[in-house]
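Chain residues, written in single-letter form:
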Amino acid sequence: MSPRIARLALATAAGLVLASCQSSPKNTPAPAGKSASLLAMEQVAIAAHKCWIASKDPAFKSYQMANELNSFSGTPRFLLVPAKHYGGKPLLVVQAQGNSSRVDVFGPLMAEPLGARISSDIARWQAGNPACGAAA
């Protein structure tokens with residue numbers, strides 16, 4: 001290898017090393033192909049599963065979660081259905097549509113006392129706070 005090619009290779013390698021040391025941008029761009037609705041619903045669904053289902057919260061023990069986040073209709077959503085009847089009528093629907101990050105919540109559970117808690121939890125998670133309970 002000639003000295004000129006060796007110097008060029010060394011300079012290229014040094015440039016790559018320096019570029020890899022650069023700090024990443026503060027605002028990470030959304031992963032390619034994910035709509036605003038899917039990003040919003042992923043955030044809410046992960047928190048809902050963690051706080052309501054995986055934690056075995058007594059208020060949600062008679063329900064199970066059915067994720068439909070990979071919807072081809074542009075409406076990612078998840079449902080709460082009766083725990084003993086997975087194919088049953090959804091009691092809660094949480095969804096977002098198109099390229100909007102607005103999350104809609106509806107279903108019979110919203111008319112019950114648990115509805116107020118569901119609304120506050122969803123609003124908190126949609127705002128980016130993954131906590132399971134409101135701050136005291």
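Source: prediction; values computed, not measured.

Draft legend 1. Inspection of the packing of aromatic side chains at higher detail. Applying the stated criterion across every chain yields a total of three aromatic pairs. Geometrically, the ring pair formed by Trp 52 and Phe 60 is stacked, given 4.4 Å between the ring centres and 10° between the ring planes. The residues Trp 52 and Phe 60 share a single accessibility class, namely buried. Considering the side-chain rings of Trp 52 and Trp 125, the 5.2 Å spacing of their centres and the 55° angle between planes classify their relative orientation as tilted. Here Trp 125 lies in helix H3 (residues 114–126) and Trp 52 lies in helix H2 (residues 36–54), a separation of 73 residues in the sequence. Given the relative accessible area of 1%, Trp 52 is considered buried. Residue Trp 125 is classed as buried on the basis of its relative accessible area, which comes to 0%. Taken together, Trp 52, Phe 60, Tyr 63 and Trp 125 form an aromatic cluster joined through their ring pairs.

Draft legend 2. Focus on the side chain of Asp 121. Inspection of the secondary structure assignment puts Asp 121 in helix H3. Residue classification places Asp 121 among the buried residues on the basis of a relative accessible area of 3%. Among the polar contacts listed, one links the side chain of Asp 121 to the side chain of Trp 52, at a separation of 2.9 Å. With residues near it in sequence (within four places) discarded, Asp 121 still touches Trp 52 and Cys 132.

Draft legend 3. Structural context of the pairing of strand S3 (residues 92–95). Residue alternation in S3 divides its side chains into two sets, Leu 92 and Val 94 and Val 93 and Gln 95, and both sets are buried. When strand S2 (residues 77–82) meets S3, the two strands line up antiparallel, connected through four bridges. Note that in S3 the partner of Phe 78 across the bridge is Val 94. Pairing between S3 and strand S4 (residues 104–106): three bridges, direction antiparallel. Paired with Gln 95 across the two strands is Asp 104, which belongs to S4.

Definitions and limits used
- Residues numbered from 1 in each chain as written.
- Predicted model: local features only at pLDDT ≥ 70, side-chain atom pairs only at ≥ 80, totals over all residues.
- Heavy atoms only, no water.
- Phe/Tyr/Trp six-rings, centres within 6.5 Å; stacked < 30°, edge-to-face > 60°.
- Buried < 20%, exposed > 50% of the residue type's maximum accessible area, 1.4 Å probe, protein only.
- Helix = DSSP H or I, 4+ residues; strand = E, 2+ residues; numbered from the N terminus.
- Polar contact = N/O pair within 3.5 Å; in protein donor to acceptor, adjacent residues only side chain to side chain.
- Contact = heavy atoms within 4.5 Å.
- Pairing = 2+ DSSP bridges.

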